[in-house]
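Spelled out, the chains give:
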Amino acid sequence: MKRFLIITIFLMTFNSEARLKIEIAKGTEQLQKIAIVPFNSNINSQFEYQVRNLINEKLTLFGEFESLDLSQMLSFPFNEENFFVRDWELLSIDYVIFGKITETDEYLEINYVVSDINLKRIMLRGDISGLKKDIELIVKKISDRVYESITGLKGIFNTKLAYILNPEPDNYSICISDIDGNNEEVLFSSNSPLMSPDWSPDGKKLAYVSFEKGFAEIYIQNLLTGVRETIPTLGMSKSAPVWSPDSKSIAFVISMSGNPDLYNYNLKTKKISRLTSHYGIDTEPAWSPDSKKLLFTSNRSGSPQIFEIKLSNKRIKRVTLEGSYNARSRFFPDGRNIVFVHGNNGVFHIATRNLKERFINIVTETKLDESPTISPNGHIIIYSAKKDDQGYLAGITLDRKSKFELPVKIGSVREPAWSPFLN
């Protein structure tokens, strides 16, 4: 937890008020019901309700749970001795989270319990300690563990989101925020376009494209020091950088005489190797989780479609067959499914596909969707959308039980990139 606090110190504060804030657009009517009880403190401090409220905010962030209001609770247990299942059965609650806090001058120790009311058993007992000033990070850890105990999916509340903010014409910023839009920081600002942010697998660096020199240049920026470096290609236009999951290289696109092809940059040797050589357009690479293959977009078949290249032998095969436009693909963490932009008749949706099946699954209903990014637990997709001329971010859980938006008050936001899990 302390490590990431150090990282954010070196970023520039953009606005004390979050520009992005999740708004639930649609949720299922059959949400699981949770009750989060105020935590009991040995000195009856503000943390009793603060810990409870922060956990409540995290668990209900994406509209996956319905939370019981405090005024409806029949009891306020803080340990297993004063917890009674019948109090929660009467309220048709599925899960109850409760606990206690032991405070000293600077430190907190929090014990927490998750109870499954339907099965009448304790699902999780946990404890965590830390500095009082780190309460938000502590609660993210608790919320991640609680979420995993209920859903079986690793929690993502301690992850980050990078995106391009365009508050006004000729004003571009690469921003990083918590996944709920809080603690927004600016990584880099420019009067020239910025695009294609991508996280390193350890979450310590960000690659992106900047036109500050008058042409497309890839920068790799250290989030701790702010130091930037480029991929040396003698001034040739470069775009679409993506970090390999094994941290060994970055795949990207070089346009020679207006003909884009895929290249690979070895981060250790600093050597560049060419991956594709075709008269068509090859762009938008995306790594497989094992770093052995790349998806990419190409018009070599006559229209934009998704292809796959195996790095060991550079063998290429077409992946998408349905529709006249398929682009900007990404692997799910399981390596068996992909997400991409699917277009027909000028309407663009986010779609998914199991690579062993032929047919695609359209998951969004808006009309100009692009740039999907997947949560590191593989459960949520966030993507760019448009309403009139304003770009905003939207999201959907893979089970389609919840849809949400992350609008901005002024300007547009686009090209989201979800961080890996952060310690």
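Figured I'd write up the structure that's included with this text. (Residues numbered from 1 in each chain as written. Predicted model: local features only at pLDDT ≥ 70, side-chain atom pairs only at ≥ 80, totals over all residues. Heavy atoms only, no water.)

What follows is about the nonpolar core. Soluble globular proteins tend to bury their nonpolar side chains together. In this structure, Leu-59, Phe-62 and Ile-110 are the most contacted members of the largest nonpolar core, which totals 45 residues. With seven residues, the top contributor of residues to this core is helix α4 (residues 135-151). With residues up to four places along the chain from it excluded, the contact list for Ile-110 reads Phe-39, Val-51, Lys-100, Ile-101, Gly-126, Asp-127, Ile-128, Ile-135, Ile-138 and Ile-142. (Core = buried A, V, L, I, M, F, W, Y, C linked by side-chain atoms within 4.5 Å. Buried < 20%, exposed > 50% of the residue type's maximum accessible area, 1.4 Å probe, protein only. Helix = DSSP H or I, 4+ residues; strand = E, 2+ residues; numbered from the N terminus. Contact = heavy atoms within 4.5 Å.)

Next up on the list: the sheet that holds strand β19 (residues 272-274). The strands making up a sheet are joined through hydrogen bonds of the backbone, oriented either antiparallel or parallel. The four strands are arranged β16-β17-β18-β19 in an open sheet whose pairing can be described as antiparallel. Across the chains shown, the open sheet's two edge strands, defined by having one partner strand only, are β16 (237-243) and β19. Within the sheet, the average angular offset between the axes of one strand and its neighbour, ignoring direction, is 30 degrees. With eight bridges joining them, strand β17 (residues 249-256) and strand β18 (residues 259-266) adopt antiparallel strand pairing. Looking at the pairing, Ala-251 lines up with Asn-264 of β18. (Pairing = 2+ DSSP bridges. Axes fitted to C-alpha atoms, helices over the stretch in contact; angles between N-to-C directions.)

Quick look at unusual backbone geometry now. Negative phi is the rule for most residues except glycine; trans is the rule for most peptide bonds. Within the chain, Ser-92 stands out as a residue other than glycine whose phi angle is a positive 60 degrees. The residue Lys-120 is not glycine, and still its phi comes out positive at about 55 degrees. Secondary-structure assignment places Lys-120 in the loop between β7 (107-116) and β8 (121-131).

A word on the pattern of salt bridges. As enumerated under the stated definition, the model contains 18 salt bridges in all. Note that Glu-308 is salt-bridged to Lys-293, the shortest N-O span being 3.9 Å. Taken together, the residues Glu-308 in strand β22 (residues 305-310) and Lys-293 in strand β21 (residues 293-298) connect sequence positions 15 residues apart. Since its relative accessible area comes to 8%, Glu-308 is described here as buried. (Salt bridge = Lys/Arg side-chain N within 4 Å of Asp/Glu carboxyl O.)

On to the environment of Ser-371, then. Along the polypeptide, Ser-371 turns up in strand β28 (residues 370-374). When its relative accessible area of 5% is taken as the criterion, Ser-371 is described as buried. For the pair Ser-371 and Phe-340, spaced 31 residues apart in the sequence, the C-alpha separation amounts to 7.9 Å. With sequence-adjacent residues up to four places away left out, Ser-371 is seen in contact with Arg-328, Val-341, Ile-382, Tyr-383, Ser-384, Glu-415 and Pro-416. Side-chain polar atoms of Ser-371 contact the side chain of Arg-328, separated by 3.3 Å. (Polar contact = N/O pair within 3.5 Å; in protein donor to acceptor, adjacent residues only side chain to side chain.)

Let us look at the sheet that holds strand β24 (residues 325-331). Within the open sheet, the four strands sit side by side as β24-β25-β26-β27. Their pairing is antiparallel. Two strands in the sheet have a free side with no partner beyond their single neighbour: β24 and β27 (361-362). Where β24 and strand β25 (residues 337-344) come together, five bridges link them in antiparallel fashion. Across the sheet, residue Asn-326 finds its bridge partner in β25, namely His-342.

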